[in-house]
Amino acid sequence: MDQRPPSPSFLNSHFIDIHEVLPEEDEEEEEEADEGSIRRENPFSRTIKINREMKRSDGSFNRQVSLETGFSVLKKESKAKDEKRVNLPRSGRSFGGFDSSSRLGMEGRKGDFSIFKTKSSTLSKQNSVLPSKKEREQMESQRTTDGNGGGLDESVNHSVPAGRYFAALRGPELDQVKDDEDILLPKDEKWPFLLRFPIGCFGICLGLSSQAVLWHALATSPATKFLNISPFINLALWLLAVPVLLCVSFTYILKCIFYFEAVKREYFHPVRVNFFFAPWVVCMFLTLGVPPAIAPEKIQPFIWCTFVAPYFLLELKIYGQWLSGGKRRLCKVANPSSHLSVVGNFVGAILAAKAGWDEAAKFLWAVGFAHYLVVFVTLYQRLPTSEALPKELHPVYSMFIAAPSAASIAWETIYGEFDGVSRTCYFIALFLYVSLVVRINFFTGFRFSVAWWSYTFPMTTFSVATIKYAEQVPSVGSKGLAVTLSLMSSAMVSVLFMCTLLHAFVWHTLFPNDLAIAITKRRLGKEKKPFKRAYDIKRWTKQALTKHNLITKDFDGGKEEG
């Protein structure tokens, strides 16, 4: 039998195994590349085999092909897989394939909002929103093939970590989704009203109720007696603030009933969780600013217990998370709105002192001041929130003024004198206020939102503290400062009130889609397998050619010696 020597083309051809790479193989490949050990084989069989065991749900790709045709084969395989895969576009319709571009036989159906509804309400039939049984089976099979369905279900059924909000959202209130993030609900559709109604609406109540307290102080304080302020202004503001509080509370209670999953997400939001203290702070403000024509100035202790008890229970929960550590410790979730969870202690201390419970007032003041120092130092260093807060100043920084202003008023109410402690807290607030006013150019260029209302009550509280300071230190400067700051805070509240009415009833833009609560638990757009696959192919090719050249060189050297 004629044995022909191997042809040169056969000797020069090089065969390798090309297969898809999983992320966990990167470290193994780098270790093998660093070893530098080259196995020599028979010169007539120069095939280098790279064998790896892989576990994949959609089949395996492990085929011996020549280096010249490896790219074309891999391209065909990846193209075939991409046709089967249901991609998740960044259009906000990524949940379970509910995007109109990826549905099968679902033309004309709107986005599915039942994922945020209360679990008990989702048991009812929702034929107008949910797909049919056959369509659900088709989408379930697609999610199983793609491997992303479980992650999405997990994103809905489990709470989103606090750090995920900082990573996926931007803006001072963490209400804007970053461009490289996807959400669970459609962006191009208008969501139901309750789903768009945020907990931040209680900021409107904070602004109006604090104004009632301010004008009550202007009408009754000896320092501003020369203004002859009519008590009717306090009465009108109080009568306006009470219905607003009732409407906002009733609406949010409906949201808790029908969209409890969305409320849970707001609770885990590092900024909005602080607004869960707002309803009780508003009630305390309204109690302090009640007009004398409606109720006597003597506050009953049971009123204090009614408002402070739920506030204190929520405070135990939040402060416990700050103290005990974990994913929701203070250095992870601190932001300027955290002052809102501290201010209530000082307002509750004022209410307790007026009710005659001095020891309870001192206790609340001590707890509030201790946590204020911790929050102030944490935010002053800006260690945990360097990514969430913008470099420029924003009205959100007015939150820094609220706590020391309320602390000075509370100390004066408890001990009956605006002494050294009250003045120390007041001067801290004064310095922070001035540091914000001189940078007024940084307060422009931001879009209006409901959260802006929460920036009004710190300025109003500081105005009330200035009135108390003018009572203790009566002078032209102190009285003029009190009147000026009071007019500034009232003007701001008036402007925001007009903007709110225009956005709500004229432009209908007061409640846009609340994208912040629809983020996923894990980032969906992080995987870039096609790019990574091409990069790995180039790296393997370079390594294979290097090994091939070394083997050819050694073989040629051995042939010359022979």
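Residues numbered from 1 in each chain as written. Predicted model: local features only at pLDDT ≥ 70, side-chain atom pairs only at ≥ 80, totals over all residues. Heavy atoms only, no water.

A. Looking closely at the overall build of the protein. Helix and strand counts for the protein stand at 20 helices and 4 strands. For the protein, the residues scored as buried account for 49% of the 562 residues in total. Accessible surface, the protein: about 28,900 Å² in total, of which carbon and sulfur atoms supply 60%. (Helix = DSSP H or I, 4+ residues; strand = E, 2+ residues; numbered from the N terminus. Buried < 20%, exposed > 50% of the residue type's maximum accessible area, 1.4 Å probe, protein only. Areas by Shrake-Rupley, 256 points an atom, 1.4 Å probe, with all protein chains shown as cover.)

B. Structural context of the pattern of salt bridges. Tallying each qualifying case throughout the model produces 6 salt bridges. The salt bridge partner of Glu181 is Arg164, with a shortest N-O separation of 2.6 Å. Of this pair, Glu181 sits in the loop between strand 4 (176-177) and helix 7 (193-196) while Arg164 sits in helix 6 (residues 162-168); the two residues are 17 residues apart in sequence, bridging distant segments of the chain. Arg164 shares its class with Glu181; the two are buried. Salt bridges here are not isolated pairs; linked through shared partners, they connect Lys255, Glu266, Arg272 and Asp514. (Salt bridge = Lys/Arg side-chain N within 4 Å of Asp/Glu carboxyl O.)

C. Molecular detail of a nonpolar patch on the surface. On the surface, a cluster of nonpolar side chains totalling about 610 Å² of accessible area is made up of Met498, Leu501, Leu502, Phe505, Val506 and Trp507. Looking at the element boundaries, Leu501 is found in helix 19 (residues 476-506). For Leu501, a relative accessible area of 30% translates into the label partly exposed. (Patch = residues over 30% accessible without salt bridge, like charges linked within 9 Å, V, L, I, M, F, W, Y side chains within 5 Å.)

D. The arrangement of the packing of helix 8 (residues 202-220) against helix 18 (residues 456-472) in detail. Packing of helix 8 against helix 18 brings their axes to within 9 Å, and their N-to-C directions diverge by 15°. Classified by the interaxial angle, the pair formed by helix 8 and helix 18 is roughly parallel. The two elements helix 8 and helix 18 cross, and the hand of that crossing is left-handed. For the pair helix 8 and helix 18, contact is made by Leu206, Gly207, Ser210, Gln211, Leu214, Ala217 and Leu218 and by Thr456, Phe457, Thr460, Ser463, Val464 and Ile467, respectively. Considering only residue class, the contact of helix 8 with helix 18 consists of 7 nonpolar, 6 polar and no charged. (Axes fitted to C-alpha atoms, helices over the stretch in contact; angles between N-to-C directions. Parallel < 35°, antiparallel > 145°, perpendicular 65-115°, else oblique. Left-handed = near helix turned anticlockwise from the far one by under 90°. Contact = heavy atoms within 4.5 Å. Nonpolar A, V, L, I, M, F, W, Y, C, P; charged D, E, K, R; others polar.)

E. Region of the structure containing the packing of aromatic side chains. Applying the stated criterion across every chain, the model contains 29 aromatic pairs. Geometrically, the ring pair formed by Phe197 and Phe511 is tilted, given 5.4 Å between the ring centres and 45° between the ring planes. Of this pair, Phe197 sits in the loop between helix 7 and helix 8 while Phe511 sits in the loop between helix 19 and helix 20 (529-561), and the two are 314 residues apart along the sequence. Residue class for Phe511 comes out buried when judged on its relative accessible area of 17%. Among the aromatic side chains, those forming a connected cluster through ring pairs are Phe346, Trp365, Phe369, Tyr372, Phe376, Tyr380, Phe400, Trp411 and Tyr415. (Phe/Tyr/Trp six-rings, centres within 6.5 Å; stacked < 30°, edge-to-face > 60°.)

F. Structural context of the confidence of the model for the protein. For the protein, per-residue confidence averages 75 on the pLDDT scale, and 62% of positions sit at 70 or higher. By mean pLDDT, strand 2 (residues 63-66) is the weakest element of the protein at 42, and helix 9 (residues 231-258) is the strongest at 96. Counting interchain partners and residues more than four positions distant, the pLDDT-below-50 stretch residues 93-109 has 56 contacts. Every residue in residues 120-131 scores below 50 in pLDDT, and together they form 20 contacts with partners more than four places removed in sequence or on other chains. (pLDDT = per-residue confidence, 0-100.)

G. Fine view of the side chain of Thr224. Relative to the elements of secondary structure, Thr224 occurs in the loop between helix 8 and helix 9. A distance of 2.8 Å separates a polar side-chain atom of Thr224 from the backbone oxygen of Leu218. (Polar contact = N/O pair within 3.5 Å; in protein donor to acceptor, adjacent residues only side chain to side chain.)

H. Geometry of the packing of helix 16 (residues 399-415) against helix 18. Close contact between helix 16 and helix 18 brings their axes to 8 Å; oriented N to C, the two are set at 35°. Read as a crossing pair, helix 16 and helix 18 show a hand that is left-handed. Note on element contacts: helix 18 touches helix 16 through Phe457, Pro458, Thr461, Phe462, Val464, Ala465 and Lys468, opposite Met399, Ile401, Ala402, Ser405, Ala406, Ser408, Ile409 and Glu412. When its residues are assigned to classes, the contact of helix 16 with helix 18 shows 10 nonpolar, 3 polar and 2 charged.

I. Local environment of the side chain of Ser422. Take Ser422: it is sitting in helix 17 (residues 420-437). For Ser422, a relative accessible area of 0% puts it in the buried group. A polar contact is formed between the side chain of Ser422 and the backbone nitrogen of Glu412, at a distance of 3.4 Å. Excluding anything up to four places from it in sequence, Ser422 contacts Ser408, Trp411, Glu412 and Glu417.

J. Summary view of helix 8. An ideal rise of 1.5 Å per residue puts 27 Å on 19 residues; helix 8 measures up with 27 Å between its terminal C-alpha atoms. The element helix 8 is extensively covered by neighbouring structure, given that 17 of its 19 residues are classed as buried. (Expected span 1.5 Å × (residues − 1).)

K. Highlighting the environment of Leu169. By secondary structure assignment, the location of Leu169 is in strand 3 (residues 169-170). As for Leu169 and Asp179, which are separated by 10 residues in sequence, their C-alpha atoms are 9.3 Å apart. Residue contacts for Leu169: discarding those within four places in its chain leaves Leu174, Gln176, Val177, Lys178, His269, Ala516 and Ile519.

L. Structural view of helix 19. When the terminal C-alpha atoms of helix 19 are compared, their 44 Å separation across 31 residues agrees well with the 45 Å that a helix rising 1.5 Å per residue should span. Buried within helix 19 are the following residues: Ser478, Ala482, Val483, Leu485, Ser486, Ser489, Ser490, Val493, Leu496, Thr500 and His503. Buried residues belonging to helix 19 abut helix 8, helix 17 and helix 18. Following helix 19 by one or two positions, His508 has its phi on the positive side, about 55°.

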